Amino acid sequence: MKKRIASTPWKKTLRNISTALALSTMIACASTDPLDPQLEEAIRWYTGEIGSVDDERARILLESAASDNDTLSRMWMARVYSTGRMTFPTDKSLAVQIAASVITQVEVLAEAGNAEAMFLMGTAYAEGLAKTQDPITALTWYRRAADQQHVLAQHNIGNAYSSGTGVEASFDMAAYWWQLAAQQGDAVVQYRLAQLYEQGRGVPQDMSLALRWYADSARRGNDNAKQALARLGEPL
């Protein structure tokens, strides 16, 4: 019987170096790789950044991206099923199941500096998608994504300050974060920011700015903003 020859230390070292280099390359690519184009467009239709909100078009694009097993698109599928976004039905158990199948890869991408993955890790902790619900950790991830001007991360940080979820409630801070997202074309926070200007909460009361943000949100298709303009006797 032939004796098994043990690997020499230098061979083990080379293998370790090779593994480390491969991991470093993967992480570097993960942080710089662009989003799947269909996912990116879906998000822009969902928020209104593209010029108007169209949830049905966003849904078609997202489903197509996810069908290619794109990791971030699949995590977005978990997100939309979690609370019934983008015309999807609410199905929390399906959302958790989808999230569990990709959360490890999403976390690798997030740790590598991918802004969309960071945002989705925030969602995972905020909504209990394959992670224990933890609003403070969710905010940590949202802040990391917001550092890269991620619109929905800015949006959600503003929401957290408005409701006092994971942080002390502050309309001043809600206004700050919603302003950042509103300037990028997020129709929902444009409406919420307009409310703050109309009511003078977190910002000085300013009806001209309120009307400006209501109008921008309404042009993008936000029904609440349209109703606000009608209430104030302003044309669409």
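Residues numbered from 1 in each chain as written. Predicted model: local features only at pLDDT ≥ 70, side-chain atom pairs only at ≥ 80, totals over all residues. Heavy atoms only, no water.

Asks: Go over the packing of helix α11 (residues 207–219) against helix α12 (residues 223–231) with me, naming the residues and quoting the values.
Replies: For the pair α11 and α12, interaxial distance at closest approach is 8 Å and the crossing angle is 135°. The orientation of α11 relative to α12 falls into the category oblique. For the pair α11 and α12, the crossing hand works out as left-handed. Contacts between α11 and α12 involve Leu 211, Tyr 214, Ala 215, Ser 217 and Ala 218 on the former and, on the latter, Ala 225, Lys 226, Ala 228, Leu 229 and Arg 231. (Axes fitted to C-alpha atoms, helices over the stretch in contact; angles between N-to-C directions. Helix = DSSP H or I, 4+ residues; strand = E, 2+ residues; numbered from the N terminus. Parallel < 35°, antiparallel > 145°, perpendicular 65-115°, else oblique. Left-handed = near helix turned anticlockwise from the far one by under 90°. Contact = heavy atoms within 4.5 Å.)

Asks: Residue-level account of the nonpolar core, with values.
Replies: Counting residues in hydrophobic clusters, the biggest one holds 68 residues, and the most contacted among them are Leu 62, Met 75, Trp 76, Met 86, Val 106, Phe 119 and Tyr 214. Per-element accounting of this core gives the leading share, eight residues, to helix α5 (residues 92–111). With near-sequence residues (within four places) excluded, Val 106 lies in contact with Thr 71, Leu 72, Met 75, Ala 117, Leu 120 and Met 121. (Core = buried A, V, L, I, M, F, W, Y, C linked by side-chain atoms within 4.5 Å. Buried < 20%, exposed > 50% of the residue type's maximum accessible area, 1.4 Å probe, protein only.)

Asks: Break down the packing of aromatic side chains for me, with residues and values.
Replies: Counting across every chain of the model gives six aromatic pairs. Between Tyr 81 and Phe 88, the ring centres sit 5.1 Å apart and the planes meet at 75°, which makes this aromatic pair edge-to-face. Here Tyr 81 matches Phe 88 in class, with each residue buried. Look at Tyr 191 and Tyr 214: their rings are 5.9 Å apart centre to centre, the planes differ by 45°, and that puts the pair in the tilted class. Taken together, the residues Tyr 191 in helix α10 (residues 187–199) and Tyr 214 in helix α11 connect sequence positions 23 residues apart. (Phe/Tyr/Trp six-rings, centres within 6.5 Å; stacked < 30°, edge-to-face > 60°.)

Asks: Tell me about α11, and name the residues and values.
Replies: Here α11 contains 13 residues, and its C-alpha end-to-end distance of 18 Å stays within 8% of the 18 Å for a straight helix at 1.5 Å per residue. Taken together, the buried positions of α11 are Ala 210, Trp 213, Tyr 214, Ala 215, Asp 216, Ser 217 and Ala 218. Where α11 is buried, its residues meet α9 (171–183), α10 and α12. In the segment just after α11, Gly 221 is the residue with positive phi, at about 105°. (Expected span 1.5 Å × (residues − 1).)

Asks: Which residues make up the confidence of the model for the protein chain, and what are the values?
Replies: Of all residues in the protein chain, 86% have pLDDT values of 70 or greater, and the mean over the chain is 91. Predicted confidence for residues 1–7 stays below pLDDT 50, and this span has two contacts to residues more than four positions away or in other chains. Between residues 19–31, whose pLDDT stays under 50, and residues either more than four places distant or in other chains, the model counts eight contacts. (pLDDT = per-residue confidence, 0-100.)

Asks: Could you give me a rundown of the environment of Ala 169, with the residues and numbers involved?
Replies: Looking at the secondary structure, you find Ala 169 in the loop between α8 (151–163) and α9. Overall, the relative accessible area of 48% leaves Ala 169 in the partly exposed class. For the pair Ala 169 and Asn 159, spaced ten residues apart in sequence, the C-alpha to C-alpha distance is 9.6 Å.

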